Amino acid sequence: MGKICCTAIVLAAGKGKRMGAKIQKQYLMLKGKPVLYYSLKAFQDSPLIDEIYLVVGAGEEAFCKSEVINKYGIAKVKKIIAGGKERYHSVWNGLQEVGGEGYTFIHDGARPLVDGTIIERALSEVKRYKACVVGMPVKDTIKISDKDGMAKRTPDRRNLWMVQTPQVFDNQLIKKAYSLQMGEPYINVTDDAMVVEHMLKYPVKLVLGSYENIKITTPEDLEIAEVFLRRKE
């Protein structure tokens with residue numbers, strides 16, 4: 001049996017309003033390179049990944065190709081695709097390019113600290129479960145509030161995880177889930193596992209990621225990511 005194809009869909013179509021910057025967070029500089037570069041490089045360097053589809057904001061395709069893909073030699077990128085209105089529209093646009101048997105890694109381009117170890121663990125688990133998401137057990141106590149901001153319940157944190165990306169699925173499973181989702185009225189889809197759980201009632205395996213696998217959302221996240229990058233070096 002030949003090697004099963006592994007595809008990475010890297011999402012970089014977000015606006016990043018909480019950064020308070022004039023440019024999208026994925027293009028902000030982190031140790032001299034765009035934030036987006038680091039996640040693309042991780043998939044580029046992994047021998048487990050065969051191809052990458054990059055989803056960017058409509059109108060940013062040429063800029064991203066010249067300033068990221070060509071500039072840094074990310075040769076596995078097969079196509080740069082325009083994103084949609086919401087995150088799940090962008091994922092669906094990327095999934096249209098995925099065909100045949102294999103596994104799809106869906107990753108946020110604003111998570112620059114993904115690495116080969118995380119990719120390897122996720123692939124090992126998706127082969128067993130067909131659907132898995134990277135994450136880490138929470139460190140803090142979590143409170144569930146009511147609409148007035150009053151604490152109503154404290155769930156057992158031993159059962160709580162912070163979900164990260166990549167989220168990895170059997171190709172046919174994730175494409176079926178998203179095709180059903182696209183025919184439904186809008187719901188607040190916050191990750192890909194939610195689509196699989198909601199549309200197919202299919203169980204999703206949680207896989208250890210890393211506490212360093214942070215998402216760049218606010219200005220201080222850039223400073224934290226730089227510290228983590230220095231440590232890796």
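Our subject in this report is the structure included herewith. (Residues numbered from 1 in each chain as written. Predicted model: local features only at pLDDT ≥ 70, side-chain atom pairs only at ≥ 80, totals over all residues. Heavy atoms only, no water.)

**A few points about the nonpolar core**
Then, number 1: One finds L36, L40, I52, L54 and F105 to be the most contacted residues of the largest nonpolar core, which totals 31 residues.
Then, number 2: Listing elements by their share of this core, those giving two or more residues are β1 (6–12), α1 (35–45), β4 (51–56), α2 (61–72), β5 (77–82), β6 (103–108), α4 (116–129) and β7 (131–137).
Then, number 3: The greatest single-element share of this core, amounting to 5 residues, is contributed by α4.
Then, number 4: Ignoring anything within four residues of it in the chain, the contact list for L40 reads V10, I52, L54, V68, I69, I74 and V77.
Then, number 5: The next biggest cluster of nonpolar side chains, apart from the first, holds 23 residues, and it includes L11, V55, V91 and A193. (Core = buried A, V, L, I, M, F, W, Y, C linked by side-chain atoms within 4.5 Å. Buried < 20%, exposed > 50% of the residue type's maximum accessible area, 1.4 Å probe, protein only. Helix = DSSP H or I, 4+ residues; strand = E, 2+ residues; numbered from the N terminus. Contact = heavy atoms within 4.5 Å.)

**Digging into the layout of surface pockets**
Then, number 1: Approximately 230 Å³ is the volume found for the second largest pocket.
Then, number 2: As for the second largest pocket, its lining consists of 14 residues, of which Y38, P112, V114, L229 and K232 are closest to the centre.
Then, number 3: Listing elements by their share of the lining of the second largest pocket, those giving two or more residues are α1 and α7 (219–232).
Then, number 4: Ranked by the residues each element gives to the lining of the second largest pocket, the list is headed by α1, at 3 residues.
Then, number 5: When grouped by side-chain class, the residues that make up the lining of the second largest pocket number 6 nonpolar, 2 polar and 6 charged. (1 Å grid on protein atoms, 1.4 Å probe; cavity = no way out; pocket = protein on both sides within 12 Å on 5 of 7 lines; lining within 4 Å. Points joined across faces, edges and corners; volume = space filled by probe spheres on them. Nonpolar A, V, L, I, M, F, W, Y, C, P; charged D, E, K, R; others polar.)

**Comments concerning the packing of α1 against α2**
Then, number 1: Contact geometry of α1 with α2 gives a least axis separation of 11 Å together with a crossing angle of 45 degrees. Judged by the angle between their axes, α1 and α2 are oblique. Between α1 and α2 lies a crossing whose hand is right-handed. On α2, the residues touching L36, Y37 and L40 of α1 are C64, V68, I69 and Y72.
Then, number 2: Counted by class, the contact of α1 with α2 contains 7 nonpolar, no polar and no charged residues. (Axes fitted to C-alpha atoms, helices over the stretch in contact; angles between N-to-C directions. Parallel < 35°, antiparallel > 145°, perpendicular 65-115°, else oblique. Left-handed = near helix turned anticlockwise from the far one by under 90°.)

**Re the sheet that holds β6**
Then, number 1: Sheet architecture is open: 7 strands sit in the order β5-β4-β1-β6-β10-β7-β11, paired in mixed fashion. Of all the strands in the sheet, just β5 and β11 (205–208) have a single pairing partner and so form its edges. Sheet twist, expressed as the average angle between the axes of neighbouring strands with direction ignored, equals 25 degrees.
Then, number 2: Sheet topology note: the β6/strand β10 (residues 161–170) ladder contains 4 bridges and is antiparallel. (Pairing = 2+ DSSP bridges.)

**Let's talk about the packing of helix α3 (residues 87–95) against helix α5 (residues 171–181)**
Then, number 1: α5 packs onto α3 with a crossing angle of 130 degrees between their chain directions and a minimal axis gap of 10 Å. In terms of orientation, α3 lies oblique with respect to α5. Where α3 crosses over α5, the handedness of that crossing is left-handed. Here R87, Y88, V91, W92 and L95 of α3 lie close against α5, whose contacting residues are I174, K175, Y178, S179 and Q181.

**Remarks on unusual backbone geometry**
Then, number 1: Here the residue pair T165 and P166 is connected by a cis peptide bond, since its omega of 15 degrees sits within 30 degrees of zero.
Then, number 2: Topologically, P166 is positioned in strand β10.
Then, number 3: The backbone phi angle of K31 is positive, close to 50 degrees, even though this residue is not glycine.
Then, number 4: What makes K31 partly exposed here is its relative accessible area of 31%.
Then, number 5: With phi around 70 degrees, K130 is a residue other than glycine that occupies positive phi space.

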